[in-house]
Amino acid sequence: MAWWSIWLLIGVLCIGLELIIPGLVIIFFGLGAVFTSAVTLIPFVNQALWLQIILFVLFSVLSLIFLRKKFTPIFKGTVFYSDKKSDKAGEEFADVVEIVFHNKEGRIKYKGTTWSARSMSEEIPEGSRVRVLRREGLTCIVEKVEK
């Protein structure tokens, strides 16, 4: 078996393991192995195992350093589900459809549907406008907005 195919097999196995053992680290060793597989097609690299190991470590560390921040939002689900992002906190508004209390949940109309909501401090009457501060599970934490 040629070295390039061994490195490619190791890379595919590591990338596959990332699906079973999440942690966003093993995938970068897989990428390092795939890159090493490609470089191993160069004849002088194919004959030096020590050089292949050094390249594997180098590619793995570089991919970990430069790609982890780009991959993290994808694996956390914030790329495709933007409501999980926290950078829009306090910029979204909703309408109260059922009185919202501090210690008891009411209902708001938010993003085209109704949600359970709880006030930060005061009772908010039906028909009021509120700012959505954050979500705690399926309950929105809101504050009244003065018109």
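Quick caveat: nothing in here was measured; it's all calculated off a predicted structure. (Residues numbered from 1 in each chain as written. Predicted model: local features only at pLDDT ≥ 70, side-chain atom pairs only at ≥ 80, totals over all residues. Heavy atoms only, no water.)

## Section: the pattern of salt bridges
(1) Moving on: On inspection of all chains with the given rule, the structure shows five salt bridges.
(2) Moving on: Of the charged contacts, one joins Glu92 and Lys111 as a salt bridge, the two residues approaching to 3.9 Å between their closest N and O atoms. In this pair, Glu92 sits in strand β1 (residues 92-98) while Lys111 sits in the loop between β2 (106-110) and β3 (113-119), placing the two residues 19 residues apart along the sequence.
(3) Moving on: Residue Lys111 is classed as partly exposed on the basis of its relative accessible area, which comes to 49%.
(4) Moving on: With a shortest N-O distance of 3.0 Å, Asp95 and Arg129 are connected by a salt bridge. With a gap of 34 residues between them, Asp95 in strand β1 and Arg129 in strand β4 (residues 129-136) connect regions that are remote in the sequence. (Salt bridge = Lys/Arg side-chain N within 4 Å of Asp/Glu carboxyl O. Helix = DSSP H or I, 4+ residues; strand = E, 2+ residues; numbered from the N terminus. Buried < 20%, exposed > 50% of the residue type's maximum accessible area, 1.4 Å probe, protein only.)

## Examining the sheet that holds strand β5 (residues 139-144)
(1) Moving on: Reading around the circumference, β1-β2-β3-β5-β4 is the order of the five strands in this closed barrel, with mixed pairing throughout. The average angle at which neighbouring strand axes cross in this sheet is 55°, direction not considered.
(2) Moving on: Here β1 pairs with β4 via four bridges, running antiparallel. Bridge assignment links Asp95 to a residue of β4, and that residue is Arg129. (Pairing = 2+ DSSP bridges. Axes fitted to C-alpha atoms, helices over the stretch in contact; angles between N-to-C directions.)

## A closer look at the side chain of Ser60
(1) Moving on: Along the polypeptide, Ser60 turns up in helix α4 (residues 49-76).
(2) Moving on: Sequence-distant contacts of Ser60, defined by excluding residues within four places in its chain, comprise Phe28, Phe29 and Gly32. (Contact = heavy atoms within 4.5 Å.)

## Focus: the side chain of Gln52
(1) Moving on: Along the chain, Gln52 turns up in helix α4.
(2) Moving on: Here Gln52 falls in the buried class, since its relative accessible area comes to 0%.
(3) Moving on: If we ignore the near neighbours within four places in the chain, the residues touching Gln52 are Trp3, Trp7, Thr36, Thr40, Val45, Asn46 and Gln47.

## Focus on the packing of aromatic side chains
(1) Moving on: Taken as a whole and judged by the stated rule, the model has four aromatic pairs.
(2) Moving on: Ring plane angle 65° and centroid distance 5.7 Å describe the contact between Phe35 and Phe59, whose orientation is recorded as edge-to-face. With Phe35 in helix α2 (residues 26-39) and Phe59 in helix α4, the pair connects residues that are 24 residues apart, well separated along the chain.
(3) Moving on: The partly exposed category is assigned to Phe35, whose relative accessible area is 40%.
(4) Moving on: When the ring of Tyr110 is compared with that of Trp115, the centres are 6.1 Å apart and the planes differ by 65°; the resulting orientation is edge-to-face. Note on accessibility: Tyr110 and Trp115 belong to one class, buried.
(5) Moving on: Grouped by ring-pair contacts, the aromatic residues Trp7, Phe29 and Phe56 constitute a single cluster. (Phe/Tyr/Trp six-rings, centres within 6.5 Å; stacked < 30°, edge-to-face > 60°.)

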